[in-house]
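Summary of the model geometry
Listed below, chain by chain, are the residues.
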Amino acid sequence: MATIRQVAALAKVSTATVSRVINNSAYVEPATRERVEKAMRTLNYRRDMAAVALAKRSGNMLGLLTGNLADPFFARLARGVETVSRQHGFRLMVCSGSHQSEQEQYGLEFLINQGCEAIVAHTTRLSDDLLLRYASHMPALIPINRYLPELAHRSVWLDNRAGTRAAIDHLVTQGHRHIGFITCDLPIADRQLRLEGYQQGMSQYHLEIKPGWVISQPFTEEGGELAAAHLLAECPEVTAVLTFNDVMAAGMMAHLRKCGQRLPEDLSIIGFDDILLARYLYPTLTTLHYPIETMAKRAAELAITRLQQQEPGPGRHEFSPSLVIRESVSPLIQAPTCDHDHVS
């Protein structure tokens, strides 16, 4: 009797891919599926039903595809998923997509091949079509921080536009009119949505966005330093900025202090994410709190519930950021004082 290994060798694929074709458990490229099915016919392969039954009893693995593992934001995401996996007795397997389409697809394939039928997936570069293909074969694949109308019933996402609009509201009430936006240099949805919120906020107050006020750099500390250098050289009229994340804000603050700038008197800064570092910067960073840990718990609960073919409990799928007011915004007009870490 032919074995699954022999089928894999003849089709030039892994045994995991053969298993996915046999069980129709996840997306397989049509050309690959055809090769596997041809090999099965050639070898007259028949499934071992005892092995199939054993495999179906081992579905307690939860997969997490995340972004840059060095980013504190993704540590909070992973912690949320891990909390739920422990509560339900699931083993957790984690891999990184590194904000690259090929790596994200490889990460999904890896988790599937390791037996993860429930997956929380943070993807930024994987195409909509490809994500939908995987989702059509995996009912317990839950996208996080990404909205697709076709998957709205099982996605968890953030209203990014509302966040940057709230930041503009706060800066305008503090007297700022020349406001820049420091964003990332990757073509990802978060970048576009936060930029749109900034533009909407400025338009609401009839404020001009001058050329050079939107600065794109890598969303790292080094990217923040580069953005600060550009701002000092090209946009001295800017009195306040929003940054794509807190890490960029930290890099900006470090470079501005090296250049003798007073913070926040010479430049007010609002970050995004509210990572732990934000409250220990000097001055402490006013930022938008991103409830990623709560969102991650919700996504993990959805994944496990759908895997077990149960009805999901009540809960939101769309979340909103909240402004955490600390010390990095200086008023240009007299305004009521606020307690540190006041959330609006």
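The rules behind the values
- Residues numbered from 1 in each chain as written.
- Predicted model: local features only at pLDDT ≥ 70, side-chain atom pairs only at ≥ 80, totals over all residues.
- Heavy atoms only, no water.
- Core = buried A, V, L, I, M, F, W, Y, C linked by side-chain atoms within 4.5 Å.
- Buried < 20%, exposed > 50% of the residue type's maximum accessible area, 1.4 Å probe, protein only.
- Helix = DSSP H or I, 4+ residues; strand = E, 2+ residues; numbered from the N terminus.
- Contact = heavy atoms within 4.5 Å.
- Salt bridge = Lys/Arg side-chain N within 4 Å of Asp/Glu carboxyl O.

If you look at the biggest cluster of nonpolar residues, it comprises 68 residues, and the most contacted ones within it are Ile-144, Tyr-198, Leu-267 and Ile-269. The element that contributes the greatest number of residues to this core is helix H12 (residues 292-307), accounting for eight residues. Once residues within four sequence positions are removed from consideration, Tyr-198 is found in contact with Thr-164, Ile-168, Ile-179, Gly-180, Phe-181, Ile-209, Trp-213, Val-214 and Leu-242.

Another aspect to go through is the pattern of salt bridges. In the structure shown here, the tally under the stated rule is nine salt bridges. Residues Glu-29 and Arg-133 are paired through a salt bridge, measuring 3.8 Å at the closest nitrogen-oxygen approach. Remark: Arg-133 occurs in helix H7 (residues 128-137) and Glu-29 occurs in the loop between helix H2 (15-23) and helix H3 (30-43); sequence separation between them is 104 residues. Residue class for Glu-29 comes out partly exposed when judged on its relative accessible area of 34%. The exposure class assigned to Arg-133 is partly exposed, which follows from its relative accessible area of 37%. A salt bridge links Arg-79 to Glu-293; the shortest N-O distance between them is 2.9 Å. With Arg-79 in helix H5 (residues 72-87) and Glu-293 in helix H12, this pair connects stretches of sequence that are 214 residues apart. On the accessibility criterion, Arg-79 (46% relative accessible area) is partly exposed.

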